[in-house]
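Structural overview
If you want the building blocks of each chain, they are given just below.
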Amino acid sequence: MSHNFEAAVMPPASRPNTASVSELEAHLGYWLRFVSNHVSHSFQKKAEANGVTVSEWVVLREMFRLGCTSPTVLAQVAGMSKGAVSKLIDRLESKGMVSKSILLADRRQHSIELTSEGEALVPVLAGIADQNDEEFFGKLPQQLREDLLEALKEVARTHQLKSVPLN
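The text that follows walks through the structure, step by step, so that each part is easy to find.

Reading the values: the criteria
Residues numbered from 1 in each chain as written. Predicted model: local features only at pLDDT ≥ 70, side-chain atom pairs only at ≥ 80, totals over all residues. Heavy atoms only, no water. Helix = DSSP H or I, 4+ residues; strand = E, 2+ residues; numbered from the N terminus. Buried < 20%, exposed > 50% of the residue type's maximum accessible area, 1.4 Å probe, protein only. Areas by Shrake-Rupley, 256 points an atom, 1.4 Å probe, with all protein chains shown as cover. Salt bridge = Lys/Arg side-chain N within 4 Å of Asp/Glu carboxyl O. Expected span 1.5 Å × (residues − 1). Arc of directions from axis to C-beta. Contact = heavy atoms within 4.5 Å. Core = buried A, V, L, I, M, F, W, Y, C linked by side-chain atoms within 4.5 Å. Phe/Tyr/Trp six-rings, centres within 6.5 Å; stacked < 30°, edge-to-face > 60°. Axes fitted to C-alpha atoms, helices over the stretch in contact; angles between N-to-C directions. Parallel < 35°, antiparallel > 145°, perpendicular 65-115°, else oblique. Left-handed = near helix turned anticlockwise from the far one by under 90°.

1. Observations concerning the overall build of the protein
Looking only at helices and strands, one finds 7 helices and 2 strands in the protein. Along the protein, from the amino end to the carboxyl end, the secondary structure elements read α-α-α-α-α-β-β-α-α. Residues counted as buried form 20% of the 167 residues belonging to the protein. As presented, the protein carries roughly 12000 Å² of accessible surface, and 57% of it is formed by carbon and sulfur atoms.

2. Focus on the pattern of salt bridges
According to the stated counting rule, one finds 10 salt bridges in the structure shown. Note that Lys46 and Glu135 form a salt bridge whose closest N and O atoms lie 2.8 Å from each other. Of the two residues, Lys46 sits in helix H2 (residues 28-49) while Glu135 sits in helix H6 (residues 116-137), which places them 89 residues apart along the sequence. For Lys46, a relative accessible area of 23% puts it in the partly exposed group. Using a relative accessible area of 52% as the deciding quantity, one classes Glu135 as exposed.

3. What to know about helix H5 (residues 82-94)
Since there are 3.6 residues in each turn of an α-helix, residues three or four apart along the chain are aligned in direction. The terminal C-alpha atoms of H5 lie 18 Å apart, and with 13 residues this matches the ideal 18 Å at 1.5 Å per residue to within 8%. Buried residues of H5: Val85, Leu88, Ile89 and Leu92, and no others. Projected onto a plane normal to the axis of H5, the buried residues spread over an arc of 105° and lie on a single side. More than 90 degrees from the buried face of H5, the exposed residues found are Lys87 and Ser94. Buried residues in H5 make contact with helix H3 (54-66), helix H4 (71-78), strand E1 (98-102) and strand E2 (110-114).

4. Considerations on the nonpolar core
Counting 24 residues, the largest nonpolar core has Val52, Leu60, Val98 and Leu125 as the members making the most contacts within it. Counting residues per element, the ones that place at least two in this core are H2, H3, H4, H5, E2 and H6. Top element by residues in this core is H3. It accounts for 5 residues.

5. Considering the packing of aromatic side chains
Each aromatic ring pair is summarised here by two numbers: the centre-to-centre distance and the angle between the ring planes. Tallied over the full model, the rule gives 4 aromatic pairs. With a centroid separation of 6.1 Å and 20° between ring planes, the pair formed by Tyr30 and Phe34 is classed as stacked. Linking Tyr30 with Phe34, this pair stays in helix H2, spanning 4 residues, or about one helical turn. Note on Tyr30: relative accessible area 25%, which makes it partly exposed.

6. Here's the deal with the packing of H4 against H5
As a packed pair, H4 and H5 sit with axes 9 Å apart at the nearest point and diverge in direction by 110°. Here H4 is positioned roughly perpendicular relative to H5, judged by the angle of their axes. Handedness of the crossing formed by H4 with H5: right-handed. Taken together, the residues of H5 that come into contact with H4 (itself represented by Pro71, Thr72, Leu74 and Ala75) are Lys82, Val85 and Ile89.

7. Quick look at H3
Between the first and last C-alpha of H3 there are 18 Å, a value that for 13 residues agrees with the 18 Å anticipated at 1.5 Å per step. Restricting attention to buried positions, one finds in H3 the residues Ser55, Glu56, Trp57, Val58, Val59, Leu60, Glu62 and Met63. Each element contacted by the buried residues of H3 is listed here: H2, H4, H5, E1, E2 and H6.

Everything listed here is a matter of geometry and, on its own, says nothing about what the molecule does.
Written out as structure tokens, the structure reads:
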């Protein structure tokens, strides 16, 4: 079977308004996504080598900061739905990194906390995250790194971005 791709694609000269179409690489969003995908993929492989996904790492890190907490609070601070957090907690519990306790006053509520294994893993993964950042951004001058961080935080504040990106 022969395909005639030439017939399906208009030559550039016959396309209307080609001068008004910006190049893909001219967009900050393109470069942010391009770099972010590579940084995230690199960290994902390193996290998975330590037995957790990036989403699980986010939950572990927040639980490390919060101490004993509830799934509802964890969902709020992590910017995730209660359902997503519940699934992550269940997975982490099955891996022996999180323990759940039913509150006696209201059997529908649980408290959650890191096990000693989960607590020991957080500093390891934080160090790996730091190394991953250094691998990608370490060649940038310190002032440029600080300016880039502040610029991205300002974009997040301006657009009221609250949920943690996990993909």
